[in-house]
Each structure stands twice: as structure tokens, then as C-alpha cells.
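Each chain, letter by letter, is given below.
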Amino acid sequence: MKPSAPGSVQINVHKESLHFSCAHFTIFSKNRRENLHGHNYRVRAVATGKISDNGLCFDYNILKSILAEHCERLDEHILIPTQSPYLQIMEETEHYRLKFADEFMLLCKRDVVLINIRNITVEELARWFLQQLLEDSRFTSLSIQQFTLSIASGPSEHASVTWSNQQ
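Keep in mind the model is a prediction, meaning the values are calculated, not measured. (Residues numbered from 1 in each chain as written. Predicted model: local features only at pLDDT ≥ 70, side-chain atom pairs only at ≥ 80, totals over all residues. Heavy atoms only, no water.)

With respect to the sheet that holds strand β9 (residues 103–108)
Pairing within the open sheet is antiparallel, and its 3 strands lie in the order β7-β8-β9. Strands at the two margins of the open sheet, each flanked by one partner only, are β7 (87–91) and β9. For this sheet, the mean inter-axis angle between neighbouring strands, taken without regard to orientation, is 20°. Of the pairings in the sheet, the one linking β7 to strand β8 (residues 95–100) comprises 5 bridges and is antiparallel in character. Its bridge partner being in β8, glutamate 91 is matched across the sheet by tyrosine 96. (Pairing = 2+ DSSP bridges. Helix = DSSP H or I, 4+ residues; strand = E, 2+ residues; numbered from the N terminus. Axes fitted to C-alpha atoms, helices over the stretch in contact; angles between N-to-C directions.)

Digging into the pattern of salt bridges
The final tally for this structure, using the stated rule, is 8 salt bridges. Among the ionic pairs, glutamate 103 bridges to arginine 33, the shortest N-O distance being 2.9 Å. With glutamate 103 in strand β9 and arginine 33 in strand β4 (residues 32–33), this pair connects stretches of sequence that are 70 residues apart. Arginine 138 is the partner of aspartate 136 in a salt bridge, and the nearest nitrogen-oxygen pair spans 2.7 Å. Judged by relative accessible area, arginine 138 falls into the partly exposed class, the value being 33%. One continuous salt-bridge network, built from bridges that share partners, spans Glu69, Asp136 and Arg138. (Salt bridge = Lys/Arg side-chain N within 4 Å of Asp/Glu carboxyl O. Buried < 20%, exposed > 50% of the residue type's maximum accessible area, 1.4 Å probe, protein only.)

Regarding the environment of glutamine 145
Secondary-structure assignment places glutamine 145 in the loop between α3 (137–140) and β11 (146–152). Taking relative accessible area as the criterion, glutamine 145 reaches 28% and is therefore assigned partly exposed. In the structure, glutamine 145 is positioned 136 residues away from valine 9 in sequence and 9.9 Å away in space, judged by C-alpha atoms. The contact partners of glutamine 145, leaving out residues within four places of it in the chain, are Ser8, Thr48, Gly49, Lys50, Trp163, Ser164 and Asn165. (Contact = heavy atoms within 4.5 Å.)

What to know about the nonpolar core
One finds Phe20, Phe129, Phe147 and Leu149 to be the most contacted residues of the largest nonpolar core, which totals 36 residues. When residues no more than four places from it in sequence are discounted, the contact partners of phenylalanine 129 are Phe20, Val43, Leu67, His70, Cys71, Leu74, Leu149 and Ile151. In terms of nonpolar packing, the next biggest core, distinct from the first, is built from 12 residues, Phe25, Tyr96, Met105 and Leu107 among them. (Core = buried A, V, L, I, M, F, W, Y, C linked by side-chain atoms within 4.5 Å.)

Structural notes on the packing of aromatic side chains
Applying the stated criterion to the full structure yields 6 aromatic pairs. With a centroid separation of 5.4 Å and an interplanar angle of 85°, the aromatic rings of tryptophan 128 and phenylalanine 129 are classed as edge-to-face. Neither residue differs from the other here; tryptophan 128 and phenylalanine 129 are each classed as buried. Pairing phenylalanine 139 with phenylalanine 147 gives two aromatic rings, centres 5.0 Å apart and planes at 70°, and the pair type is edge-to-face. We classify phenylalanine 139 as buried; its relative accessible area is 1%. Classification of phenylalanine 147 as buried rests on a relative accessible area of 0%. Joined through ring pairs, the aromatic side chains of Phe20, Tyr41, Trp128 and Phe129 make up one cluster. Sitting above the plane of the phenylalanine 28 ring, arginine 32 keeps its charged end 4.4 Å from the centroid. (Phe/Tyr/Trp six-rings, centres within 6.5 Å; stacked < 30°, edge-to-face > 60°. Lys NZ or Arg CZ within 6 Å of the ring centre and 35° of its normal.)

In C-alpha cells form, the structure reads like this:
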């Protein structure tokens, strides 16, 4: 007699290597922002799927690799949101000139990653990470039914976003 297949299982991915250190400032209003400061962000993921005949849900080394690539892309940079209504970003030859309220900042391009979000917050970063995954065919080819991604800026703050494959 063949045993019945178990239901869905969760794969938790929270490797030590899934982190990035960066500088940012949160924008609160048209004339109020934080000072430039840094965080050591941590990325965690929970993927839900069914176990296939080979005893695996999916090759989660692929998931770890994609997440690590995005962490590496952000690591040791200043993160700047391109969609903030309160921040102007002017591109110069080797610099970005930022204007916020009556302040100007001049940043070397090599130190900056521009991100297509409204603010550099854990909630926006979590949504951005998920969007990057959903645009990657390596991720979308995995047999994942539901996926939750969390970004933590320290031990007391994190945000999570969840995606469900409605097949």
C-alpha cells in the first residue's frame, strides 16, 4: 500500500549571508527627514509548496542565490528612493545631487543605488525585494504556492510581504 502524499510544507530560508548593510534616510514629510544613517538589514523567506515525487518542494538553493544577489546589489551603498514626491534627484557626470526641502546633498554615483520605491523603509524594501523575485524567471519557475519575504532593520523592526500563486 502506497502512503498518501503529505500536504503543503514550508521551507524557511534565513541564512547568515542574506543581509546587507547600507545607509539611508526616511522621509516623513515635505520638510522632515531623518539624518543619513545605516542599518544591517536581514532578509528571511518562507516558501510553501507541495513535496514532489523526488521528495523536494523545489531547489531552494536557487531561491537563496537570487536573494543573495539582491543583498549584494544593495550592500555597502546609500539607498535613495526615486518615487518620493519630496526628493529631487539630479544626475550629474559622477554624482547625484539630491534636493530635499532647502537642503542639497552631493553623492558619488558609485556609492548610491537608486530604488524605484517611495521611501527607504522596511515595508517598501520588502515589497521591492518581492517585486524583483517576481520579475525573475528563476524564481517564477519554482513550485512555490505561497511566499513570504521579511526584511528586518534590527532586532525590533521588520516588515513582511506575502505572495500567493493562484494557479
